[in-house]
Amino acid sequence: MADQIPLIIVIITIASLWAAGKYLSRLSQGITVIAPTSSVPQGKIFADGLHIADMSNVLMRELQETISRQDDKELVYFLARYRPNLVELEKFFDDLRSQYYTLLGKPSKLATEAEKITAINEIQLDAAPACIDINALNKAELRSLIENNLKTNRLITSDFMERFGGRDFMDNFQVYAQLVDQQPVTIHANSEHQYRRQLEAFVKTGIAQQGRKIPLKARLEVLSFNQLKDMLRDLKITTEFSTKSELSGALAQMPGSAVHLSMIYEPDDIFYIKAEAADAKSIEDEWYMLHAYARLLIESLKNSFVTFDEVAV
């Protein structure tokens, strides 16, 4: 009997392997092989060969109509507020950015202007969506759209635009950047002053103060250092001051200074502009990018829209 044990073990092993094989065969018959599916663009059809994601039909129609009217100012305002995601176009720009930074071979901050120009000139543009006329852009505009990003460069927000006057915000901001250099400033601007309209807009949004609402020390700084010294003499004060700030601070504590100032300038013609934490260069670069994007859409899509009947409320 002992001599038959190895044979029995072999028979049992073969039987076990046969049973396992049958089980796996039956199990495999219930498995359905899923064939790979072709990728479907996300979002809704916006124009021929172009989809838009995460936007209501109401805003889509507004965007289409603005492009059709070729209203570049309104389109830039729309782009700044809503940052539409045009799926195929954004993918194209992602590919261009990949090419650009590969050609540079270094972070853009370390690249020279000549290296950036060379990289832009060597980028291949033949993969643009069929409805997009990328040649409508000059090299500077193309570079702006590659180095910046409609979705991630967001210094120009709705709140920022409203604080600087809504649709006229960039004209107003450029005046602000010209008048203020990281420090608050007091200026005299009568009704004929070239920036009076912008200054009054700043008062409405809280960026500036006007007239007697300005603290007296800041109001006095509208005067020159010599004018302040003249006021000091008129008030019979003999103390010497070495800086304009010290002098205006001392005069603000003296009775009669406000009256003397009102004899020189009408109070409501004095404006005090606060210093806002704003990177003027970066904001202007983003503004240029928004204009380039708007021009590309107008030149490419003004006759390419797919219409739709239902509009979301």
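Analysis parameters
- Residues numbered from 1 in each chain as written.
- Predicted model: local features only at pLDDT ≥ 70, side-chain atom pairs only at ≥ 80, totals over all residues.
- Heavy atoms only, no water.
- Helix = DSSP H or I, 4+ residues; strand = E, 2+ residues; numbered from the N terminus.
- Buried < 20%, exposed > 50% of the residue type's maximum accessible area, 1.4 Å probe, protein only.
- Areas by Shrake-Rupley, 256 points an atom, 1.4 Å probe, with all protein chains shown as cover.
- Contact = heavy atoms within 4.5 Å.
- Polar contact = N/O pair within 3.5 Å; in protein donor to acceptor, adjacent residues only side chain to side chain.
- Phe/Tyr/Trp six-rings, centres within 6.5 Å; stacked < 30°, edge-to-face > 60°.
- Core = buried A, V, L, I, M, F, W, Y, C linked by side-chain atoms within 4.5 Å.
- Pairing = 2+ DSSP bridges.
- Axes fitted to C-alpha atoms, helices over the stretch in contact; angles between N-to-C directions.
- Expected span 1.5 Å × (residues − 1).
- Salt bridge = Lys/Arg side-chain N within 4 Å of Asp/Glu carboxyl O.

### Structural notes on the overall build of the chain
Helix and strand counts for the chain come out as 14 helices and six strands. Each of the 313 residues in the chain was classed as buried or not, and the buried ones make up 38%. Accessible area of the chain: about 18,500 Å², with a carbon and sulfur share of 53%.

### Some thoughts on helix α6 (residues 139-147)
For α6, the full list of buried residues reads Glu141, Leu142, Arg143, Ser144, Leu145 and Ile146. Packing partners of the buried residues in α6 comprise α4 (87-104), α5 (113-122) and α14 (280-301). For α6, the capping residue at the N-terminal end is asparagine 138, with a side-chain oxygen 3.1 Å from the backbone nitrogen of alanine 140.

### What to know about the environment of threonine 157
Within the secondary structure layout, threonine 157 lies in the loop between α6 and α7 (158-163). In sequence terms threonine 157 and arginine 81 are 76 residues apart; their C-alpha atoms lie 6.3 Å from each other.

### Some points on the packing of aromatic side chains
Applying the stated criterion across every chain yields a total of 13 aromatic pairs. Measuring from centroid to centroid gives 4.7 Å for phenylalanine 78 and tyrosine 82, while their planes differ by 50 degrees, and the two rings are tilted. With phenylalanine 78 and tyrosine 82 both in helix α3 (residues 72-82), this residue pair falls four residues apart, about one helical turn. Residue classification places tyrosine 82 among the partly exposed residues on the basis of a relative accessible area of 29%.

### Looking at the nonpolar core
With 62 residues, the main nonpolar core has Phe46 and Leu89 as its most contacted residues. In terms of residues, this core owes the most to one element, α14, which gives eleven residues. Ranked by size, the runner-up nonpolar core spans 19 residues in total, among them Leu220, Leu251, Leu261 and Tyr265.

### A closer look at the sheet that holds strand β3 (residues 85-86)
Overall, antiparallel pairing links the three strands, which are arranged β1-β2-β3 in an open sheet. With one partner strand each, in any of the chains shown, β1 (44-47) and β3 form the two edges of the open sheet. Its contacts with the sheet place helix α2 (residues 57-68) against β1 and β2 (50-53), and it is angled at close to 10 degrees to β1.

### Quick look at α4
Taking 1.5 Å per residue, 18 residues should reach 26 Å; α4 reaches 26 Å between its end C-alpha atoms and fits that length. Turning to α4, its buried residues are Glu88, Leu89, Glu90, Phe92, Phe93, Leu96, Arg97, Tyr100 and Leu104. Packed against the buried residues of α4 are β2, β3, α5, α6 and α14. Looking one or two residues past α4, glycine 105 carries a phi angle of roughly 70 degrees, positive in sign.

### Here's the deal with the environment of serine 282
Inspection of the secondary structure assignment puts serine 282 in helix α14. Sequence separation of serine 282 and isoleucine 156 is 126 residues, and the distance between their C-alpha atoms is 9.7 Å. At 2.8 Å, the side chain of serine 282 forms a polar contact with the side chain of aspartate 279.

### Some thoughts on the pattern of salt bridges
Throughout the structure, instances matching the rule amount to 15 salt bridges. Here glutamate 286 makes a salt bridge to arginine 83, at a shortest N to O gap of 2.7 Å. Placement of the pair is glutamate 286 in helix α14 and arginine 83 in the loop between α3 and β3, with a sequence separation of 203 residues. On the basis of relative accessible area, arginine 83 is assigned to the buried category, the value being 2%. Here glutamate 200 and arginine 196 are joined by a salt bridge, their closest N and O atoms 2.9 Å apart. Of the two residues, glutamate 200 and arginine 196 both sit in helix α9 (residues 196-205), four residues apart, roughly one turn of that helix.

### Things to note about the side chain of aspartate 269
Mapped onto the secondary structure, aspartate 269 falls in the loop between α13 (257-264) and β6 (270-273). Given the relative accessible area of 15%, aspartate 269 is considered buried. There is a polar contact of 2.7 Å between the side chain of aspartate 269 and the side chain of arginine 196. Ignoring anything within four residues of it in the chain, the contact list for aspartate 269 reads Ile187, His188, Ala189, Asn190, Ser191 and Arg196.

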